[in-house]
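A look at the structure
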There are 2 protein chains.
Amino acid sequence: MKRTSRDIRTANRYEVLRQIIAASPTSRQELAAATGLSLATIATLVGELLDLRMITEVGFEDSAGGRPRGLVAVNASGGALIGVDIAETYVHVELFDLGLNVLARAEEDVRPGESLPEQVVSHVTAAVGSVVTQAGVEGARVLGVGVSVPGQVDRATGTSEYAPNWDWHEVPLLDLLTEHIAYPLYLDNPLRASAVAELWFGAARGRGDAVVVNLGTGVGAGLILGSALHRGVSNSAGEWGHTTIVLDGRLCRCGKHGCVEAYVGASGIMLTLRELSPDSTLLHPEDQTATIAALARGVRANDPVALKVVRDTVRYLGTGIADLVNLFNPEVVVLSSWVATALGEPLVAEVREAVARHALPRPMAATEIVLSPIPTDPVCLGAATFALEGALQSVGQRNARPSTTNARSRTAPPS
Amino acid sequence: MKRTSRDIRTANRYEVLRQIIAASPTSRQELAAATGLSLATIATLVGELLDLRMITEVGFEDSAGGRPRGLVAVNASGGALIGVDIAETYVHVELFDLGLNVLARAEEDVRPGESLPEQVVSHVTAAVGSVVTQAGVEGARVLGVGVSVPGQVDRATGTSEYAPNWDWHEVPLLDLLTEHIAYPLYLDNPLRASAVAELWFGAARGRGDAVVVNLGTGVGAGLILGSALHRGVSNSAGEWGHTTIVLDGRLCRCGKHGCVEAYVGASGIMLTLRELSPDSTLLHPEDQTATIAALARGVRANDPVALKVVRDTVRYLGTGIADLVNLFNPEVVVLSSWVATALGEPLVAEVREAVARHALPRPMAATEIVLSPIPTDPVCLGAATFALEGALQSVGQRNARPSTTNARSRTAPPS
Ligand SMILES: [Zn+2]
Ligand SMILES: [Zn+2]
């Protein structure tokens, strides 16, 4: 998308708050040094954040020979943010303070056959109500709710264009949620939620260009370019899972053949296991989580079948990640989502070697490959971050229509 | 890379001059509307460009009921820019005015066995001298020389890290050129030169996100993201030619198997022709240009072998471009370089259909696929644009070290 002056001011506001959250307390001088912004710009942005009560003045530090410098810190109790991770089998909700510490959690199971939009909406509504009650925060202090739903999402209209797990098409999810939830709502997908979590709080923080590879049931790459999320012109960038690595290869659930996801997504890995050893005790038919967990235990126990399945998977994964390294020349590739977490560091070590064999030497030399360091659910954290970004984006445009900030709320002021 | 305040000011300066070149004469109000920048920012940037004599005031237009508005236009004679396209078999040099009109051209043949760095440097020196003489411009008016060399380039040090055609490794090309050429010099590669040409003057102008696919002897994708060139952390992004589409497929000159370039680069197309019809009269062994030209004529004459070769090539090309559409979700994919030009609109029409079969519906619906509209050598134009960008980047830092602007010059002021 084209960047306007407003986009740039908003991006700078994100950058300054990101830095304050990471390094509280800090001075305006340190913020200028860390962000590359001028001291005048920093002073303006810090003033805005103070007005919003997102940060507070917390005293002074001596500077060598000069005037004491004012210190600011994040005002953790200045508001609450809610992140919603809608997945195939559960809805997971977390409530955060402004330091992005988890204050409350709720989880609802989504049983097979319970995946109508109205049913999912009622799970979300119940879980959001639960975390607000548990945390004991006043409704007025909730700055927003970020909602992640798998598949293709139109942020501007709040529509789930296509959710592959449930065959949802054109579901007006935010309109449905707005009937039950009074806070500003922001919709996006897990790919972008986990990328923004890495940008603000994880391995992409302070990096210009990073690729966040999601390995789960679905597979994709969240793109951080120029220290900002790259969404593409219709918010569907990052569909690495549906790029081709084996022309005329395995059928993918998208209908094409030879996609990355068909080999390195959870069901692709299960198929590799089934092809190699149809009667393996590692295989839990119809249960991806149990199968991947069994594989991870097998690798630790040097089970030859488990080792071979991971080696075969890494061959595809290394090729696909080398493609990302050659195309984006990122500083870091972060492996995220539950399959990466389950297989852990042994997987990452093999992936590093495989990517080094396939990528060009110059971009390879500049790229680190790491496991996500975020200890909680990165999708909840990222979804809450979208709500935080939404609150920062609306600064100075309080009379704007909510839709221009991609937020929906019954309580938004009239335009 | 991380964007600093200076980067943003520089990007805004590019954007305003780009708009003035495209729409001279124009008013500050029109510039604000076209760029999304505030009128105050526009006034500052226009003032800088006037100070540099890159633009001039050219009168007034009436505005309905208000004060007449001052008009500005590009000052075509305010300076000269030189673009150098170093290719496998030739060195092509063009001299431009500030409206980026070609004032003079020179070409030198690089014969087989004449590809030592010193030999190439002497060709470049001769051709640059020739265009300055032909155009009759004073040396002091030459703002800079942009040089494009194939392969991996370190802009900051002016080094050709690796040029595959000639097996150059770590050649300090700008240091060698600086001994003979007194103008500020800027080094990059054809991928990025043609992308920046499309951004300033071609199909990517005014677009946020665009991918410029280069189809020549080498193959790659210049990336325009957020209206700026995406270089990656070590200036080697865009190596789409060496992403894998056929696991364990054809051997590529990079040493890997199954790369896009091995199928859709000029020698890949020749191999497809040779495999299909070893004795075809379309095949000119050792002459890529003649073979591709013969294929293009064959397609126009409905020659079944030519049609089959193009169809097979489009199968790979459509798959590889669909991968770019799924990953970047661009507004436009531009086909550039000599193979695309030679095969022309019939190729593009088939590519559109093939991409539509392979890309996901949502990003596909947002993407146009077009042939480059630039009528001259886009690499020369882009290289000259790098020199123009270099001149704009150094505004307000005249006492900075030349290396910080990635320019080299014997005549640069001391720091
Ligand atoms: Zn697919
Ligand atoms: Zn290759």
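Residues numbered from 1 in each chain as written. Chains lettered and ligands numbered in written order. Predicted model: local features only at pLDDT ≥ 70, side-chain atom pairs only at ≥ 80, totals over all residues. Heavy atoms only, no water.

- Within an unreviewed UniProt entry, the label attached to chain A reads ROK family protein, and the organism entered is Streptomyces cupreus.
- Per its UniProt entry, chain A bears the Sequence similarities (unreviewed entry) comment "Belongs to the ROK (NagC/XylR) family." (UniProt positions renumbered as here; feature names shortened; annotations may be inferred.)

Here we look at the overall build of chain A
- When its secondary structure is counted, chain A shows 13 helices and 16 strands.
- Counting only C-alpha atoms, chain A reaches 70 × 50 × 40 Å along its principal axes.
- Going through the 415 residues of chain A one by one, you find that 59% of them count as buried.
- Considering only residue pairs separated by 6 or more positions, chain A has 61% of its internal contacts joining residues 24 or more positions apart.
- Seen as two clouds, the 34 positive and the 44 negative side-chain charges of chain A have centres 6 Å apart. (Helix = DSSP H or I, 4+ residues; strand = E, 2+ residues; numbered from the N terminus. Buried < 20%, exposed > 50% of the residue type's maximum accessible area, 1.4 Å probe, protein only. Contact = heavy atoms within 4.5 Å. Lys, Arg positive; Asp, Glu negative; His and termini not counted. Charge placed at Lys NZ, Arg CZ, Asp CG, Glu CD.)

Re the sheet that holds strand S4 (residues 80-86) of chain A
Residue and element names in this part refer to chain A.
- Read from one edge of the open sheet, five strands run S6-S5-S4-S7-S11, paired in mixed fashion. What marks the edges here is a single partner per strand, and that holds for strand S6 (102-109) and strand S11 (185-188). With direction set aside, neighbouring strand axes in the sheet form an average angle of 15 degrees.
- In terms of strand pairing, strand S7 (residues 142-148) meets S11 through four bridges, oriented parallel. By the bridge assignment, valine 145 is partnered in S11 with leucine 185.
- Against the sheet, helix H4 (residues 117-135) makes contact with S4, strand S5 (90-97), S6 and S7, and its axis sits at roughly 150 degrees relative to S6, the strand it touches most. (Pairing = 2+ DSSP bridges. Axes fitted to C-alpha atoms, helices over the stretch in contact; angles between N-to-C directions.)

Re the coordination of the zinc ion (ligand 2)
- In the first shell of the zinc ion (ligand 2), the protein supplies His242 of chain B (ND1), Cys252 of chain B (SG), Cys254 of chain B (SG) and Cys259 of chain B (SG), at 2.1 to 2.4 Å from the metal.
- Here the zinc ion (ligand 2) binds four donor atoms, and the angle range of 103 to 121 degrees at the metal identifies the geometry as tetrahedral. (Donors = N, O, S within 2.8 Å, 3.2 Å for Na, K, Ca; no water. Tetrahedral: all angles 85-135°; square planar, octahedral: opposite > 155°, others 65-115°.)

Some thoughts on the packing of helix H8 (residues 266-276) of chain A against helix H10 (residues 304-328) of chain A
Residue and element names in this part refer to chain A.
- In contact at an axis separation of 10 Å, H8 and H10 are set at 130 degrees when each is read in the N-to-C sense. In terms of orientation, H8 and H10 fall into the oblique class. Crossing handedness for the pair H8 and H10: right-handed. Contacts between H8 and H10 pair Ile269, Thr272, Leu273 and Leu276 from the former with Val305, Lys308, Val309, Asp312 and Thr313 from the latter.
- For the contact of H8 with H10, the residue count by class is five nonpolar, two polar and two charged. (Parallel < 35°, antiparallel > 145°, perpendicular 65-115°, else oblique. Left-handed = near helix turned anticlockwise from the far one by under 90°. Nonpolar A, V, L, I, M, F, W, Y, C, P; charged D, E, K, R; others polar.)

Considerations on empty space enclosed by the protein
- In total, this model carries four cavities of 30 Å³ or more according to the counting rule given.
- Taken as a whole, the second largest cavity encloses approximately 70 Å³ of empty space.
- Every residue along the wall of the second largest cavity is listed here: Trp240, Thr243, Thr244, Asp323 and Leu327 of chain A together with Trp240, Thr243, Thr244, Ile245, Asp323, Leu324 and Leu327 of chain B.
- Those elements giving two or more residues to the lining of the second largest cavity turn out to be H10 of chain A together with helix H10 (304-328) of chain B.
- The biggest single contributor to the lining of the second largest cavity is H10 of chain B, with three residues.
- By residue class, the composition of the lining of the second largest cavity is six nonpolar, four polar and two charged. (1 Å grid on protein atoms, 1.4 Å probe; cavity = no way out; pocket = protein on both sides within 12 Å on 5 of 7 lines; lining within 4 Å. Points joined across faces, edges and corners; volume = space filled by probe spheres on them.)

Comments concerning the pairing of strand S13 (residues 219-225) of chain B
Residue and element names in this part refer to chain B.
- Counting buried residues in S13 gives seven out of seven residues, a clear majority hidden from the surface.
- By the alternation rule, side chains of S13 split into Val219, Ala221, Leu223 and Leu225 and Gly220, Gly222 and Ile224, which are all buried.
- As judged from the six bridges shared by strand S12 (residues 210-215) and S13, these two strands associate in the antiparallel manner. Bridging across to S13, leucine 215 finds its partner in valine 219.
- Adjacent in sequence and paired antiparallel, S12 and S13 are bridged by three residues.
- Where S13 folds back onto strand S14 (residues 228-229) in an antiparallel hairpin, the turn is made up of two residues, including glycine 226, whose phi is positive at roughly 60 degrees.

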